Amino acid sequence: MRDLAKILLPIDFSERSAGVARYARSLAAHFGSELTILHVLTPLQYEYGALEIGGSMLSELYRSRSEQAARELEGFLADELPGPEVRRIVLEGDPAAKIVELAHRAPDQTVIIMPTHGYGPFRRFILGSNTAKVLHDADCPVWTGVHLEEAPALASIPFRNILCAVDLGPQSSKTLCWAARLAQEFGSRLHLVHATGPSPDAGEGGDDPAVSWQAAVRKSAGEELFRLQKFVGMEADSSVEAGEAAKVICSTAGRVDADLLVIGRGSAAGVFGRLRTNAYAIIRESPCPVVSV
């Protein structure tokens, strides 16, 4: 896939970073991708704030810290990630901004891979601020999730089932095309889901308007899902379900035993247009890694 020609891996030298790096390495090995490992130093002014530090002292602190970061980056999984195909870069600035800036040099070829950066037993309910900013600002796909830390052995990431969630907005064909190409690459079974949102409340007496509404919406959505499949030229098991987007999509991912969930985040309206309330929730609660296209 041309979309995976370059993989950008931001790290902070934590154990989580090591796990995600192994996951990224497996993908890079399969696709022959150029893997760039990036560490971003936060400017000293952010850390010391209004403290009065002389210019020469600040310069010395920065030089020492930069040299230390360069040494750590050079030694980061050096035995597991050898060779010239792995680039290692240290930058200074706002981490999210630098990640996006580097990715945007080739947005049609780059995928950013990063964890959600949650901690402890509640990690699935936490989305790190840098990850959130990257999801909001990046034009390229962002591959994320707490599950990236639990990386399998090299070149053995299973993609038996790929679930693609669409809102039937203008970006849906792009999202499904990306999922379909990945499914074809790995010989995966492709699943397609659309959440219609909660049904309206039933009225008093007569026909139940909720049932009529849901039947009409399901019929229309089913027809659109069929049209999308014809457009990408690949069949998929499809379903239309009523309910909140995050709950429906994550429940479906569990039911079909998805190894990867692909969602869209570029439409200006619709289910995924409300990025903070839906895409973030999907990423936090998904039982598998999520690619936001």
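Structural notes on the overall build of the chain
Stage number 1. Within the chain, the secondary structure is distributed over nine helices and ten strands.
Stage number 2. Looking at the chain residue by residue over its 293 residues, the buried ones come to 49%.
Stage number 3. Of all intrachain contacts in the chain linking residues separated by at least 6 positions in sequence, the fraction that spans at least 24 positions is 77%.
Stage number 4. As displayed, the chain has an accessible area near 14000 Å², and 52% of this comes from carbon and sulfur atoms.

Observations regarding the sheet that holds strand E7 (residues 189-195)
To summarise the sheet geometry, strands pair through backbone hydrogen bonds and adopt either a parallel or an antiparallel arrangement.
Stage number 1. Taken together, ten strands build an open sheet; the order of strands is E3-E2-E1-E4-E5-E10-E9-E6-E7-E8 and the sheet is mixed. Here the strands that pair on one side only, and so sit at the sheet edges, are strand E3 (86-92) and strand E8 (237-241). Strand-to-strand, the axes of this sheet are offset by a mean angle of 20°, without reference to chain direction.
Stage number 2. With five bridges connecting them, E7 and E8 associate as parallel partners. Across the sheet, His191 pairs through a bridge with Asp237, a residue of E8.
Stage number 3. Contacts between helix H1 (residues 15-31) and the sheet are confined to strand E1 (6-10), strand E2 (34-41), strand E4 (110-114) and strand E5 (142-144), with E1 contributing the most and set at about 175° to the helix.
Stage number 4. Packed onto the sheet, helix H4 (residues 95-103) meets E1, E2, E3 and E4 and runs at close to 150° relative to E2.

Structural notes on the side chain of Arg16
Stage number 1. Mapped onto the secondary structure, Arg16 falls in helix H1.
Stage number 2. On the basis of relative accessibility, which here comes to 12%, the residue Arg16 falls in the buried class.
Stage number 3. At a separation of 3.5 Å, a polar atom in the side chain of Arg16 contacts the side chain of Asp12.

Notes on unusual backbone geometry
Stage number 1. Phi is positive for Leu77, close to 50°, though the residue is something other than glycine.
Stage number 2. For Leu77, the position within the fold is in the loop between helix H3 (55-75) and E3.
Stage number 3. You can call Leu77 buried: its relative accessible area is 16%.
Stage number 4. Positioned with a positive phi, Asp257 is a non-glycine residue whose angle comes to about 55°.
Stage number 5. Relative to the elements of secondary structure, Asp257 occurs in the loop between helix H8 (245-255) and strand E9 (260-263).

Examining the packing of aromatic side chains
Stage number 1. Tallying each qualifying case throughout the model produces six aromatic pairs.
Stage number 2. Between Phe31 and Phe186 the ring centres are 5.7 Å apart and the planes differ by 80°, which places this aromatic pair in the edge-to-face class. Placement of Phe31 in helix H1 and of Phe186 in helix H6 (residues 172-186) is noted, with a sequence separation of 155 residues between them.
Stage number 3. Centre to centre, the rings of Phe159 and Phe186 are 4.6 Å apart; their planes meet at 50°, and the pair counts as tilted. A residue pair is termed long-range when its members are at least 10 positions apart, and Phe159 in the loop between E5 and strand E6 (161-165) and Phe186 in helix H6 qualify at 27 residues.
Stage number 4. Assessed through its relative accessible area of 4%, Phe159 is described here as buried.
Stage number 5. Of the aromatic side chains, those joined through ring pairs into one cluster are Tyr23, Phe31, Trp143, Phe159, Trp178 and Phe186.

Criteria and cut-off values
- In every chain, residue numbers begin from 1 and rise along the written sequence.
- Predicted model: local features are reported for residues with pLDDT of at least 70 only, side-chain atom pairs are reported and counted for 80 or more only, and whole-chain, interface and lining totals are derived from all residues.
- Hydrogens and waters are ignored; side-chain quantities use all the structure's heavy atoms.
- The secondary structure listing takes helices from DSSP runs of H or I that are at least 4 residues long and strands from runs of E that are at least 2 residues long, numbered from the N terminus.
- Throughout this description, buried means an accessible area under 20% of the type-specific maximum (1.4 Å probe, protein chains only), exposed means over 50%, and partly exposed covers the range between.
- Working rule for contacts: check all heavy atoms of both residues, and any pair within 4.5 Å makes them a contact.
- Note on areas: Shrake-Rupley, 1.4 Å probe, and residue coverage restricted to the protein chains presented here.
- For two strands to pair, DSSP has to find at least two bridges joining them.
- Only the stretch in contact is used when a helix axis is fitted, and all axes are lines through C-alpha atoms; the angle between N-to-C directions ranges over 0 to 180 degrees.
- Pairs of N or O atoms are called polar contacts if they sit within 3.5 Å, as long as, within protein, a hydrogen donor faces a hydrogen acceptor (for residues adjacent in sequence, only side-chain-to-side-chain pairs).
- Whether two aromatic rings pair depends on their centres lying within 6.5 Å, for rings of Phe, Tyr and Trp, where Trp uses its six-membered ring; planes under 30 degrees apart make the pair stacked, over 60 edge-to-face, and the rest tilted.

Any functional reading would require information beyond the geometric quantities listed.
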